[in-house]
2 protein chains.
Amino acid sequence: MPVGNVMVGQSGGPTSVINSSLVGVFKTAKDMGCAKVYGMRNGIEGLLSERYVDLSDYIRNDLDIELLKRTPSSFLGTCRYKLPEATDKPEVYDRLFDILKKLEIKHFFYIGGNDSMDTIKKLSNHAKDIGSDITFMGVPKTIDNDLAVTDHTPGFGSAAKYIASAMKEIIRDANTYGTDLITIVEVMGRNAGWLTGAAALSRTEDCAGPDLIYLPECPFEYDKFVSKIQEIKKYKNTITIAVSEGLKTPDGKYVCEANKAAVFEDSFGHKMLGGTALYLADAIAAETGIKSRGIVFSTLQRCASHIVSRRDITEAFTAGADAVQAALNGETGKMIIFERISNEPYQILTSSYDVNLIANIEKVVPQEWITDDNTYVSKEFEQYVRPLIIGELSPFMVDGLPRHLFIDK
Amino acid sequence: MPVGNVMVGQSGGPTSVINSSLVGVFKTAKDMGCAKVYGMRNGIEGLLSERYVDLSDYIRNDLDIELLKRTPSSFLGTCRYKLPEATDKPEVYDRLFDILKKLEIKHFFYIGGNDSMDTIKKLSNHAKDIGSDITFMGVPKTIDNDLAVTDHTPGFGSAAKYIASAMKEIIRDANTYGTDLITIVEVMGRNAGWLTGAAALSRTEDCAGPDLIYLPECPFEYDKFVSKIQEIKKYKNTITIAVSEGLKTPDGKYVCEANKAAVFEDSFGHKMLGGTALYLADAIAAETGIKSRGIVFSTLQRCASHIVSRRDITEAFTAGADAVQAALNGETGKMIIFERISNEPYQILTSSYDVNLIANIEKVVPQEWITDDNTYVSKEFEQYVRPLIIGELSPFMVDGLPRHLFIDK
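Residues numbered from 1 in each chain as written. Chains lettered and ligands numbered in written order. Predicted model: local features only at pLDDT ≥ 70, side-chain atom pairs only at ≥ 80, totals over all residues. Heavy atoms only, no water.

### Side note on the overall build of chain A
At step 1: A count of helices and strands for chain A gives 12 helices and 13 strands.
At step 2: Computed over the C-alpha atoms, the radius of gyration of chain A is 22 Å, within 12% of the 22 Å expected from 2.2 N^0.38 for a compact globule of 409 residues.
At step 3: Principal axes of the C-alpha set define a box for chain A whose edges measure 70 × 45 × 40 Å.
At step 4: Looking at chain A residue by residue over its 409 residues, the buried ones come to 61%.
At step 5: Within chain A, contacts between residues at least 6 apart in sequence are counted, and of these 77% link residues at least 24 apart.
At step 6: In the structure as shown, chain A presents an accessible area of about 14800 Å², 48% of it carried by carbon and sulfur atoms. (Helix = DSSP H or I, 4+ residues; strand = E, 2+ residues; numbered from the N terminus. Rg over C-alpha atoms; globule rule 2.2 N^0.38 Å. Buried < 20%, exposed > 50% of the residue type's maximum accessible area, 1.4 Å probe, protein only. Contact = heavy atoms within 4.5 Å. Areas by Shrake-Rupley, 256 points an atom, 1.4 Å probe, with all protein chains shown as cover.)

Structure (structure tokens):
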């Protein structure tokens, strides 16, 4: 297999560790003798406009490598571009393969989630169709943890660690007045409740954790929600509840839609959500007369690199590194996956897997990991997530603030 | 002066370092020979119901001391109880002084902000009136930094550090798509814009910082706000704006009131605010057609002990420690204040100051530290705040999460 040049891109919503995967691709490709490692700006969409950089211009030494691991959001920029089918728009594919040919690219890596794996699937299939020897490999990334086949996904562990840490702090704050208070915390995850469930990790020796957890996997019944709160209220005056942004009523409507005149859609047709916690906080206050507050973790849960999981950082790097090794062994149309060997001690194996069987599939929380009344996650859920938040990677602090690596144009 | 027993309480909104002041009081009182250090549960309100603990039961060794410094929110619980005038309700004072007498208290410390200093003022004045020799000292605390006379207030530096760090992460996230986006971030501070202004600290070598900052000190004119955004939009596609929760229109109405049917008031008559960022984000999206998002830092800015300022922790401890020393020297009716000697190198002196000249006064950002068009803070503002966010104190991490000290009842 010729070593050749490398093209790497980042796609979809950023995470706190997506740049660790980028470093994994860059460093491994360089170590294995690849001449040039190009980074596409804003994913495949930028590449189609020939926007790319030579990563060696920005990652100049080992300090830069460590700094980039500590930099949140997508260093190269990202996109939400849906690659059309080759049969519909052959000119897009012609243009893309022309650019790759011009740059003498032999290996193409795309770090992303479901939608990004759709891109890898289409490009690798097209390469076969036209007899191109360029390899196309996917590097898993998503805070949502909803990629199929792999045990878990880089980005999830750090988001879970942020959510559990912030929940501990919020619960401590909520208890300080000793007066009645209902706190509803909104967590990301459109259809998969992995992140919302991670709020349960805040239940530790020094914290009771949230009282209720509502995942998007289960229909949200408002009346039962009110009854549950009134039940807990009998023995506890502060109640903390984690809710998914994607909660739906039994008739399939988003809870937050009751609160918003318009719900926007992105280019994949995903509804842009938000407002579930504030809506429920207002509703429950009106219903019960108890003071309430809604807290939305919002963007911070995917970019709080100041409190990442070291294990997540390491695994994100490994996913990038392994993708390069697989590609240089001639593999294509695959994504790196993790297989869990054991929880205690935590052990995983990595391998590569056919991206056709991963793309566009969403892995949700299995029903057996949700309690019967749909208001919490099970012990097994906790045992699955807890190893993923272990370990810290201190930010590089300059003048009291975390330092990041950036592209100055 | 007899050493005697000590009573200490925490009042008002919690901060990330209020427990460091508690440790400062506890450790110094113990070191100076005070027999018992009692902590009132939920401030003066709890004490009136004889709810207190012997702090030695909970702070048992040096590890507990370090753990308590790293614990957010008020360890003892807090309250927003407004002490009536002694002439109106003498029975409240009689009851309080009876309890103090029963416990052989010689020194009373209250860690809090404006309203808490009002309590110290009333109690110390009453002690004089009745010839009690109990000393009453205030230990400054507020993320809002709005206490008069003192250069700054413990709690502010850590909140400022959180805000500036989170702003850096949010701005990096906002830039990743390369598409048009207006992000409006809401910061606490009802009447004083110190915390909102601290968003400017995110402007560093690796971050452009927010584009606009709106403080509650200046009337908020919506039309000018729109014009400013349209001006910036000509050369920049992502715009980030920090706004105070307390922004008011020129006719004196809260901006968020336009969005809320009801605005609640707490027992001091302060309006409970919230909704400014979401309201403005919706309004600007409707006005300009540009995608927008509102982010509310909410509770986390006052309880994110996982990213405190070490200088703030140290100064909070010092404020508690110095209050004890002053009290044991016979001082009463005073609050510990900081005087800044120089910015570079950063040097402060601490002393004590008549609480009658501090209580119930709000210190706002001076007009000369706000730019002429009311859309940013000056260089002098930044030079004032930056030293306060310096240094880190790593949380004690257990199984991937910050550990806290707590009272188990």
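Read on for the rest.
### Some words on the relation of the copies chain A and chain B
At step 1: Rotating chain A by 180 degrees about the axis while translating it 0.0 Å along that axis superimposes it on chain B, leaving an RMSD of 0.0 Å. Taken together, the rotation and translation relating the two chain copies correspond to the operation of a two-fold axis. Judged by C-alpha distance, Val296(A) is the residue of chain A that lies nearest the rotation axis, at 3.6 Å.
At step 2: A share of 100% of interface residues in chain A that are also interface residues in chain B marks the association as one of identical surfaces. (Least-squares fit on C-alpha atoms with pLDDT ≥ 70 in both.)

### A word on the packing of aromatic side chains
At step 1: Using the criterion set out here, one finds 30 aromatic pairs over all chains in the structure.
At step 2: Seen in terms of ring centroids, Phe108(A) and Phe136(A) are 5.0 Å apart; in terms of plane orientation they differ by 45 degrees. Their pairing is tilted. Here Phe108(A) is found in strand E4 (residues 105-112), whereas its partner Phe136(A) is found in strand E5 (residues 135-140), with 28 residues between them in sequence.
At step 3: With relative accessibility at 0%, the residue Phe136(A) sits in the buried group.
At step 4: An angle of 15 degrees between the planes, with centres 5.8 Å apart, marks the rings of Trp194(B) and Phe381(B) as stacked. A residue pair is termed long-range when its members are at least 10 positions apart, and Trp194(B) in helix H7 (residues 194-198) and Phe381(B) in helix H12 (residues 379-385) qualify at 187 residues.
At step 5: For Trp194(B), a relative accessible area of 3% corresponds to the buried category.
At step 6: Judged by its relative accessible area of 0%, Phe381(B) is buried.
At step 7: The rings of Phe97(A), Phe108(A), Tyr110(A) and Phe136(A) are connected pair by pair, giving a single aromatic cluster.
At step 8: Taking the ring centre of Phe317(B) as reference, the NZ or CZ of Lys69(B) above it sits at 5.3 Å. (Phe/Tyr/Trp six-rings, centres within 6.5 Å; stacked < 30°, edge-to-face > 60°. Lys NZ or Arg CZ within 6 Å of the ring centre and 35° of its normal.)

### Quick notes on the sheet that holds strand E9 (residues 292-296) of chain B
All names here are of chain B.
At step 1: On the basis of which strands lie adjacent, the open sheet formed by 4 strands has the order E7-E8-E6-E9 and parallel pairing. Two strands in the sheet have a free side with no partner beyond their single neighbour: strand E7 (212-214) and E9. Neighbour to neighbour, the strand axes of the sheet diverge by 15 degrees on average, direction disregarded.
At step 2: Where strand E6 (residues 181-187) meets strand E8 (residues 238-244), 7 bridges bridge the pair, whose relative direction is parallel. Residue leucine 181 lies in a different strand from E8, and its bridge partner there is threonine 238.
At step 3: Relative to E9, helix H9 (residues 276-288) is tilted by about 175 degrees, and along the sheet it contacts E6, E8 and E9. (Pairing = 2+ DSSP bridges. Axes fitted to C-alpha atoms, helices over the stretch in contact; angles between N-to-C directions.)

### Quick word on empty space enclosed by the protein
At step 1: For the structure on display, the rule yields 3 cavities of 30 Å³ or more.
At step 2: Space inside the largest cavity adds up to approximately 50 Å³.
At step 3: Forming the boundary of the largest cavity are Tyr162(A), Ile295(A), Val296(A), Phe297(A), Leu300(A), Tyr162(B), Ile295(B), Val296(B), Phe297(B) and Leu300(B).
At step 4: Put simply, the parts of the chain that give the lining of the largest cavity at least two residues each are strand E9 (292-296) of chain A together with E9 of chain B.
At step 5: Tallied by class, the residues present in the lining of the largest cavity amount to 10 nonpolar, no polar and no charged. (1 Å grid on protein atoms, 1.4 Å probe; cavity = no way out; pocket = protein on both sides within 12 Å on 5 of 7 lines; lining within 4 Å. Points joined across faces, edges and corners; volume = space filled by probe spheres on them. Nonpolar A, V, L, I, M, F, W, Y, C, P; charged D, E, K, R; others polar.)

### Focus: the sheet that holds E5(A)
All names here are of chain A.
At step 1: The sheet built from 7 strands is open, its strands ordered E3-E2-E1-E4-E5-E10-E11 with mixed pairing. Of all the strands in the sheet, just strand E3 (52-54) and strand E11 (347-354) have a single pairing partner and so form its edges. On average, each strand axis in the sheet is inclined to that of its neighbour by 25 degrees, with strand direction left out of account.
At step 2: Sheet topology note: the strand E1 (residues 5-10)/E4 ladder contains 6 bridges and is parallel. Counterpart to methionine 7 in the pairing with E4 is phenylalanine 108.
At step 3: Strand contacts of helix H1 (residues 18-31): E1, strand E2 (37-40), E4 and E5, with the helix running at about 180 degrees to E1, the strand carrying the most contacts.

### Observations regarding the pairing of strand E10 (residues 334-342) of chain B
Residue and element names in this part refer to chain B.
At step 1: Pairing between strand E5 (residues 135-140) and E10: 2 bridges, direction parallel. Bridging across to E10, methionine 137 finds its partner in lysine 334.
At step 2: Examined bridge by bridge, E10 and strand E11 (residues 347-354) share 8 bridges and lie antiparallel to one another. The residue bridging lysine 334 from the neighbouring strand is aspartate 354, located in E11.
At step 3: Between E10 and E11, which pair antiparallel in sequence order, lie 4 residues.

### Digging into the interface of chain A and chain B
At step 1: Contacts between the two partners involve 62 residues from chain A and, on the opposite side, 62 residues from chain B.
At step 2: Between chain A and chain B lies a buried interface of about 4700 Å² when both sides are counted; carbon and sulfur atoms form 56% of it.
At step 3: It is Glu169(A), Tyr177(A) and Leu401(A) in chain A that bury the most area against chain B; as a group they hold 16% of the surface buried on that side.
At step 4: At the surface where chain A touches chain B, the tally comes to 4 salt bridges.
At step 5: Here Arg302(B) ties to Asp173(A) by a salt bridge, and the two come within 2.7 Å at their closest N and O atoms.
At step 6: Linking chain A with chain B are 34 residue pairs in polar contact (both at pLDDT 80 or more).
At step 7: Sorting the residues of the side of chain A that touches chain B by element identifies helix H6 (156-175), helix H9 (276-288), E9, helix H10 (300-303) and strand E13 (401-402) of chain A as the ones contributing at least two each. (Buried area = accessible area lost by both parts, 1.4 Å probe. Salt bridge = Lys/Arg side-chain N within 4 Å of Asp/Glu carboxyl O. Polar contact = N/O pair within 3.5 Å; in protein donor to acceptor, adjacent residues only side chain to side chain.)

### Section: the environment of Ile232(A)
Residue and element names in this part refer to chain A.
At step 1: Assignment of secondary structure puts isoleucine 232 in helix H8 (residues 222-233).
At step 2: Residue isoleucine 232 is classed as buried on the basis of its relative accessible area, which comes to 6%.
At step 3: Expressed as a C-alpha distance, the spacing of isoleucine 232 and aspartate 211, which sit 21 residues apart in the sequence, is 8.1 Å.
At step 4: Non-local contacts of isoleucine 232, meaning those with residues more than four positions away in its chain, are made with Asp211, Leu212 and Ile239.

### A short note on the confidence of the model for chain A
If pLDDT is low for a region, its predicted coordinates should not be looked at in detail.
All names here are of chain A.
At step 1: Mean pLDDT over chain A: 94, with 95% of residues reaching 70 or higher.
At step 2: Note that pLDDT drops below 50 for residues 261-266; the model gives that stretch 11 contacts with residues more than four away or on any other chain.
At step 3: On the interface metric, ipTM, the complex scores 0.95, and its pTM is 0.95. (pLDDT = per-residue confidence, 0-100.)

### Thoughts on the packing of helix H4 (residues 90-102) of chain A against helix H5 (residues 114-130) of chain A
Residue and element names in this part refer to chain A.
At step 1: Remark: H4 packs on H5, axes separated minimally by 12 Å, with the N-to-C direction vectors making an angle of 85 degrees. Classified by the angle their axes make, H4 and H5 are roughly perpendicular. Where H4 approaches H5, its residues Tyr93, Leu96 and Phe97 are matched on the opposing element by Lys122, Leu123, His126, Ala127 and Ile130.
At step 2: Taken together, the residues of the contact of H4 with H5 break down into 6 nonpolar, 1 polar and 1 charged. (Parallel < 35°, antiparallel > 145°, perpendicular 65-115°, else oblique.)

### Details of the side chain of Lys168(B)
At step 1: Within the secondary structure layout, Lys168(B) lies in helix H6 (residues 156-175).
At step 2: Polar contacts involving the side chain of Lys168(B) include one to the main-chain carbonyl oxygen of Pro402(A), which spans 2.7 Å.
At step 3: With sequence-adjacent residues up to four places away left out, Lys168(B) is seen in contact with Leu401(A), Pro402(A), Arg403(A), His404(A), Ser202(B), Thr204(B), Asp206(B) and Cys207(B).

### Points about the pattern of salt bridges
At step 1: In this structure the tally under the stated criterion is 46 salt bridges over all chains.
At step 2: Of the charged contacts, one joins Arg70(B) and Glu66(B) as a salt bridge, the two residues approaching to 2.8 Å between their closest N and O atoms.
At step 3: For the salt bridge of Arg386(B) with Glu382(B), the shortest nitrogen-to-oxygen distance reads 3.2 Å. Grouping residues by exposure puts Arg386(B) and Glu382(B) together as buried.
At step 4: Among the ionic contacts, a cluster of salt bridges with common partners joins Glu50(A), Arg95(A) and Lys102(A).

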